[in-house]
Amino acid sequence: MMNKNTALVVFSGGQDSTTCLFWAKKHFASVVALSFLYGQKHVKEVDLARDIAGRAGVEWQAMDVSFIGSLGRNSLTDGTLKMDEEKPEGHCPNTFVPGRNLFFLSIAAVYAREHGINHLVTGVSQTDFSGYPDCRDAFIKSLNVTLNLAMDEQFVIHTPLMWIDKCETWALADELGVLELVRNETLTCYNGVPGDGCGHCPACKLRRQGLEQYLARKAAK
């Protein structure tokens, strides 16, 4: 029997998924966090995910899915590949890990089914999707239907950040009372630097731009 009061959060330990973790805590009686080891160079994010989940008082588990990173070449799992700092014209940046969200959500759904959970939460955003096709709303809706058909269940994939940008994501973290935690204790940086990060990788630049916009907007009120 599915438990409509429990949500499973796909949890990286970064800004977006941490905001979603606390969003889930606000909207569900019980929350479970699931992190993945996929050969990422910034694997420290998983240690931070464990610590944040502990502070949030939610059950946490990590799964080794290293095969994902070995299926294709990308700069998040291949240290010999120079990272794209801007989106190349006409195709995905090489920070895109093909199939990552497809695998993460499919595995999360199987885990959820075995634990009687039908609500899944992920921090993808079409507004700030960086050219990653598996962050788009059409993909999530399509996968939701596919997972329901594949397992004859009624999963609901929640995407609280889908239509908001990084500035609004910071605003949501502040509204949830975790702005400082997200700013100082999460890891978004592709080079593995916690907090404000390295400052020059694509993830850091997007995060910093959003934070500056939000702090300026907040100060102007």
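To be clear, the structure that these remarks concern was listed above.
Conventions adopted
- Residues numbered from 1 in each chain as written.
- Predicted model: local features only at pLDDT ≥ 70, side-chain atom pairs only at ≥ 80, totals over all residues.
- Heavy atoms only, no water.
- Pairing = 2+ DSSP bridges.
- Helix = DSSP H or I, 4+ residues; strand = E, 2+ residues; numbered from the N terminus.
- Right-handed = clockwise from strand over helix to strand, strands pointing away.
- Buried < 20%, exposed > 50% of the residue type's maximum accessible area, 1.4 Å probe, protein only.
- 1 Å grid on protein atoms, 1.4 Å probe; cavity = no way out; pocket = protein on both sides within 12 Å on 5 of 7 lines; lining within 4 Å.
- Points joined across faces, edges and corners; volume = space filled by probe spheres on them.
- Nonpolar A, V, L, I, M, F, W, Y, C, P; charged D, E, K, R; others polar.
- Polar contact = N/O pair within 3.5 Å; in protein donor to acceptor, adjacent residues only side chain to side chain.
- Salt bridge = Lys/Arg side-chain N within 4 Å of Asp/Glu carboxyl O.
- Phe/Tyr/Trp six-rings, centres within 6.5 Å; stacked < 30°, edge-to-face > 60°.

(A) Structural view of the pairing of strand β3 (residues 59-64). Across 6 bridges, strand β2 (residues 30-37) lies against β3 in parallel orientation. Residue pairing for β3: S35 is matched across the bridge by A62. Regarding topology, helix α2 (residues 44-56) serves as the crossover connection from β2 to the parallel β3, and that connection is right-handed.

(B) Main features of unusual backbone geometry. Look at D152: it is not a glycine, yet its phi comes out positive at around 55 degrees. Inspection of the secondary structure assignment puts D152 in the loop between α5 (137-151) and β5 (156-158). The exposure class of D152 is exposed, given its relative accessible area of 70%.

(C) Layout of the layout of surface pockets. Here the largest pocket is characterised by a volume of approximately 940 Å³. D16, R100, S130, Y132 and Y190 are the residues nearest the centre of the largest pocket, which is lined by 40 residues in total. For the lining of the largest pocket, the secondary structure elements donating two or more residues are α1 (15-27), α4 (100-114) and α8 (202-220). In terms of residues, the lining of the largest pocket owes the most to one element, α8, which gives 5 residues. A breakdown of the residues in the lining of the largest pocket according to their chemical character gives 16 nonpolar, 14 polar and 10 charged.

(D) Fine view of helix α6 (residues 166-175). With 7 of 10 residues buried, α6 lies mostly within the body of the structure. Along α6, the positions that sit buried rather than exposed are K166, C167, T169, W170, A171, L172 and A173. At the N-terminal end of α6, a side-chain oxygen is found 3.2 Å from the backbone nitrogen of C167, two or three residues along, and the residue is D165. G177 lies just past α6 and shows a positive phi near 80 degrees.

(E) Representation of the pattern of salt bridges. Under the criterion given, the structure shown has 12 salt bridges. A salt bridge links E185 to R55, with the nearest nitrogen and oxygen atoms 2.5 Å apart. Of this pair, E185 sits in helix α7 (residues 179-185) while R55 sits in helix α2; the two residues are 130 residues apart in sequence, bridging distant segments of the chain. Of the residues examined, E185 reaches a relative accessible area of 32% and is grouped as partly exposed.

(F) Structural view of empty space enclosed by the protein. Under the definition given, this model contains 1 cavity of 30 Å³ or more. Considered as a void within the structure, the largest cavity measures approximately 40 Å³ in volume. Along its surface, the largest cavity is lined by W170, D196, C204, R207, R208 and L211. Sort the elements by how many residues they give to the lining of the largest cavity and α8 lands first, with 4 residues. In the lining of the largest cavity, the residues fall into 3 nonpolar, no polar and 3 charged.

(G) Expanded view of the packing of aromatic side chains. Going through the model one piece at a time under the given rule, you end up with 5 aromatic pairs. Between F67 and F103 the ring centres are 5.2 Å apart and the planes differ by 85 degrees, which places this aromatic pair in the edge-to-face class. Here F103 lies in helix α4 and F67 lies in helix α3 (residues 67-70), a separation of 36 residues in the sequence. Given the relative accessible area of 39%, F67 is considered partly exposed. Where F96 meets Y132, the ring centres are 5.7 Å apart and the plane angle is 40 degrees; that geometry is what we call tilted. With F96 in the loop between α3 and α4 and Y132 in the loop between β4 (117-121) and α5, this pair connects stretches of sequence that are 36 residues apart. The two residues F96 and Y132 agree in class, both being buried. Following the ring pairs from residue to residue traces out a cluster consisting of F36, Y38 and F104.

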